[in-house]
There are 2 protein chains.
Amino acid sequence: MELAYCGTQYHGWQIQANGHSVQSEIEGALSRRLRQPVSILGSGRTDAGVHAHEQYAHFDLPEPLDDLEQITYSLNAMLPPDIAIRRIFPVQPDDHARFSAISRYYQYRITRQKDAFRHMQSYYFRYPLDMEAMNQAACVLLQHTDYQSFSRAKAAVKHFHCTIDRAEWLPETGDDLTFHIRANRFLWGMVRAIVGTLLEVGQGRMTTEEFEQIILARDRRAAGRAAPASGLFLYEVGYPEGIV
Amino acid sequence: MELAYCGTQYHGWQIQANGHSVQSEIEGALSRRLRQPVSILGSGRTDAGVHAHEQYAHFDLPEPLDDLEQITYSLNAMLPPDIAIRRIFPVQPDDHARFSAISRYYQYRITRQKDAFRHMQSYYFRYPLDMEAMNQAACVLLQHTDYQSFSRAKAAVKHFHCTIDRAEWLPETGDDLTFHIRANRFLWGMVRAIVGTLLEVGQGRMTTEEFEQIILARDRRAAGRAAPASGLFLYEVGYPEGIV
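Treat the numbers as computed from the prediction; the structure is a model and nothing was measured.

Novice: Help me out: how do you make sense of the interface of chain B and chain A in this one?
Specialist: Many authors give the size of an interface as the accessible area that is lost as the parts come together. Taken together, the 25 residues of chain B in the interface contact 25 residues of chain A. Taken over both partners, the interface formed by chain B and chain A buries close to 1,900 Å², and the fraction arising from carbon and sulfur atoms is 65%. It is Lys114, Ala116 and Phe117 of chain B that lose the most area in chain B upon contact with chain A, and together they represent 38% of the buried surface on that side. At the surface where chain B touches chain A, the tally comes to 10 residue pairs in polar contact (both at pLDDT 80 or more).

Set out below in structure tokens:
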């Protein structure tokens, strides 16, 4: 399934012991609708408060489903208004929402004026920012592959290698800014740590060289403070042609 | 002052005995900032959950204020993220946010696909709508002036005369629709009652003639159900040249 959600009200994508998650909402609705217990698996996790403009999840059933449009329609009626299922479609048995994905593209949105309507879906950052300096530092991200410095210390992963093939700030209407970053994979908290550190560069408190030193340090303590979840969107998930 | 707010979390503009209002938030912040009790008066009230893309309010002080930009900045820092003060500017002693206003322009926004990010700022209406039929009926609104049928029964007003000079549905991106309506004044609940009744027309359950009969009936019970507050925005307030 392809879906979108506003993460503000959730403790993230993944089911947690004592939290309200997007995954649990969807599993609950799907299980009620299909009258059988169904587990779903997403392309990746998003943290509390992080949004998904586009997320994918798969589930396995003993028999193919008829009338996927009708099921999509009733799921949307059952689900809360901040989770929208865009479509449900059949895939091959080996296709996997997480393991088949070849890229993840995130956007981080910054508003420069207080906006009463976008405070939950952006980060209102009122101080001056040098976008050119932030873009110079962002270029460095294309030249490295070990991102331990931008991974939350307790992340239980085998390695910290990520291949970033896009990292740039683009202006929006008004003085708003969006950071676009795409990689084969991201570590836990990585985009928010990168954005928080680039905002230091944008404020003239760090040079491109110092930004590169942080990457080379392979130590989370070297990086800046993580930017708030409200501005972060999982924007696109890439799969090999023919899957989605 | 010119301001905007997302009305979702408020019991409306006006201060109420046991409710959280936009007016009370602003009066509280302004009084703290100016170290004196300050009351503000808006161009008009908005109901619980109704938004303002543009609202005006005035307040009186014994002495002129210096550094209005600095005051605006600190008010925005004190106020919740869903209320944004755009600017504070001096006016003549006789200028009045409500009595000087010559027009109010509202928008009512309808989304046709479930949108995880806009559910608090639109009305998700999934059934087919005939926009042309709704626009034909909307034209009738330019030909009448007594709108008792679209006023909440308990509204304590002297008369029900409103001069509507714009009333039309326009398409937005996707299949979304926005209703644009402007008048010298509106009665309590009027826009939402008009939209709710036009949605009956759009679904083929009412003709333009029946819509006109409702207006002529001068009876709120004749009209359709009010559309939800989430889709309604006070969009612009008109003043004679030179005031704002």
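Structure's up, so let's keep going.
Novice: Got a minute to help me understand the packing of aromatic side chains in this structure?
Specialist: Two aromatic rings are characterised by how far apart their centres lie and by the angle between their planes. Applying the stated criterion across every chain, the model contains 24 aromatic pairs over all chains. Ring geometry for Tyr56 of chain A and Tyr239 of chain A: centres 5.3 Å apart, planes at 85°, overall edge-to-face. One end of the pair, Tyr56 of chain A, is in strand β3 (residues 51–58); the other, Tyr239 of chain A, is in the segment after β9 (232–238), and 183 residues separate them in sequence. What makes Tyr239 of chain A buried here is its relative accessible area of 11%. When the centroid spacing of 4.9 Å and the interplanar angle of 35° are considered together, the rings of Trp169 of chain A and Phe179 of chain A count as tilted. Here Phe179 of chain A lies in strand β8 (residues 177–183) and Trp169 of chain A lies in strand β7 (residues 164–171), a separation of 10 residues in the sequence. Overall, the relative accessible area of 0% leaves Phe179 of chain A in the buried class. Put simply, the rings of Tyr108, Tyr123, Phe125 and Tyr127 of chain A pair up and form one aromatic cluster. When the ring centre of Phe233 of chain A is taken as origin, the NZ or CZ atom of Arg109 of chain A, which lies over that ring, is 3.9 Å away. Here the basic side chain of Arg152 of chain B rests over the ring of Trp188 of chain B, its NZ or CZ set 4.3 Å away from the ring centre.

Novice: Help me understand helix α1 (residues 22–34) of chain B in this model?
Specialist: Since the α-helix turns once every 3.6 residues, residues separated by three or four places project in the same direction. If you check α1 of chain B, its first and last C-alpha atoms are 18 Å apart, about what 13 residues at 1.5 Å a residue would give, namely 18 Å. Three or more residues of α1 of chain B are buried, namely Val22, Gln23, Ile26, Glu27, Ala29, Leu30, Ser31 and Leu34 of chain B.

Novice: What is the right way to read the relation of the copies chain B and chain A from this model?
Specialist: In this arrangement, two copies of a chain are superimposed by a rotation about an axis accompanied by a shift along the axis. Expressed as a screw operation, the relation of chain B to chain A combines 0.0 Å of axial shift with a rotation of 180°, fitting to an RMSD of 0.0 Å. Accordingly, the operation relating the two chain copies is best matched by a two-fold axis. Identified as the residue of chain B closest to the rotation axis by C-alpha distance is Arg118 of chain B, at 5.0 Å. Both copies contact each other with a shared surface, as 100% of the interface residues of chain B are interface residues in chain A too.

Novice: Help me out: how do you make sense of the nonpolar core in this one?
Specialist: It is characteristic of soluble globular proteins that their nonpolar side chains tend to be buried jointly. Core analysis: the biggest nonpolar cluster contains 72 residues, and Leu141, Phe150 and Phe179 of chain B have the highest contact counts within it. Counting residues per element, this core draws most heavily on helix α4 (residues 190–202) of chain B, at 8 residues. Looking at this core, you find at least three residues from each of domain 1 (2–87) and domain 2 (103–238) of chain B. Among all residues touching Leu141 of chain B, those that are not within four sequence positions of it are Tyr147, Phe150, Ile164, Ala167, Phe179, Ile181, Ile194, Phe211 and Ile215 of chain B. In this structure, Tyr5, Ala52, Ala138 and Phe179 of chain A belong to the second largest nonpolar core, which totals 70 residues.

Novice: What exactly am I supposed to notice about the environment of Asp115 of chain A here?
Specialist: In this structure, Asp115 of chain A sits in the loop between β5 (103–111) and β6 (123–124). C-alpha separation for the pair Asp115 of chain A and Arg104 of chain A, spaced 11 residues apart in sequence, amounts to 28 Å.

Novice: What is the right way to read the pairing of strand β1 (residues 2–5) of chain B from this model?
Specialist: All names here are of chain B. Residue alternation in β1 divides its side chains into two sets, Glu2 and Ala4 and Leu3 and Tyr5, and both sets are buried. Where β1 and strand β3 (residues 51–58) come together, 3 bridges link them in antiparallel fashion. Residue pairing in the sheet places Glu2 in a bridge with Tyr56 of β3. Of the pairings in the sheet, the one linking β1 to strand β4 (residues 83–87) comprises 4 bridges and is antiparallel in character. By the bridge assignment for β4, Glu2 is matched with Arg87.

Novice: Could you clarify how one ought to interpret the packing of helix α3 (residues 131–140) of chain B against helix α5 (residues 208–217) of chain B in this entry?
Specialist: Geometry of a packed helix pair, given as the angle between the helix axes and the separation of the axes. Residues and elements named next belong to chain B. Packing of α3 against α5 leaves a shortest axis separation of 9 Å and a crossing angle of 30°. Regarding α3 and α5, the two cross each other, and that crossing is right-handed. Residues Ala133, Gln136, Ala137 and Val140 of α3 pack against Thr208, Phe211, Glu212 and Ile215 of α5. When grouped by side-chain class, the residues that make up the contact of α3 with α5 number 5 nonpolar, 2 polar and 1 charged.

Novice: When you look at the UniProt feature "active site" (unreviewed entry) in chain A in this model, what are you seeing that I'm missing?
Specialist: All names here are of chain A. When the UniProt feature table is mapped onto this chain, "active site" (unreviewed entry) is found at Asp47. Position of Asp47 among the secondary structure elements: in the loop between β2 (41–42) and β3. When residues no more than four places from it in sequence are discounted, the contact partners of Asp47 are Gly12, Arg152, Trp188 and Arg192.

Novice: Would you explain the side chain of His51 of chain A in this entry?
Specialist: Residue and element names in this part refer to chain A. In this fold, His51 is placed in strand β3. On the basis of relative accessible area, His51 is assigned to the buried category, the value being 0%. In terms of polar contacts, His51 uses its side chain to reach the backbone amide nitrogen of Gly7, at 2.8 Å. Within the structure, the side chain of His51 is placed 3.0 Å from the backbone oxygen of Ser230, a separation counted as a polar contact.

Novice: Can you help me understand the environment of Val91 of chain A in this one?
Specialist: Residues and elements named next belong to chain A. Following the sequence through the fold, Val91 ends up in the loop between β4 (83–87) and β5. Looking at Val91, the relative accessible area reads 38%, which means it is partly exposed. Each C-alpha atom of the pair Val91 and Glu200 lies 44 Å from the other, and the pair is 109 residues apart in sequence.

Procedures and definitions
- Residues numbered from 1 in each chain as written.
- Chains lettered and ligands numbered in written order.
- Predicted model: local features only at pLDDT ≥ 70, side-chain atom pairs only at ≥ 80, totals over all residues.
- Heavy atoms only, no water.
- Contact = heavy atoms within 4.5 Å.
- Buried area = accessible area lost by both parts, 1.4 Å probe.
- Polar contact = N/O pair within 3.5 Å; in protein donor to acceptor, adjacent residues only side chain to side chain.
- Phe/Tyr/Trp six-rings, centres within 6.5 Å; stacked < 30°, edge-to-face > 60°.
- Helix = DSSP H or I, 4+ residues; strand = E, 2+ residues; numbered from the N terminus.
- Buried < 20%, exposed > 50% of the residue type's maximum accessible area, 1.4 Å probe, protein only.
- Lys NZ or Arg CZ within 6 Å of the ring centre and 35° of its normal.
- Expected span 1.5 Å × (residues − 1).
- Least-squares fit on C-alpha atoms with pLDDT ≥ 70 in both.
- Core = buried A, V, L, I, M, F, W, Y, C linked by side-chain atoms within 4.5 Å.
- Domains from an automatic or database assignment.
- Pairing = 2+ DSSP bridges.
- Axes fitted to C-alpha atoms, helices over the stretch in contact; angles between N-to-C directions.
- Left-handed = near helix turned anticlockwise from the far one by under 90°.
- Nonpolar A, V, L, I, M, F, W, Y, C, P; charged D, E, K, R; others polar.
- UniProt positions renumbered as here; feature names shortened; annotations may be inferred.

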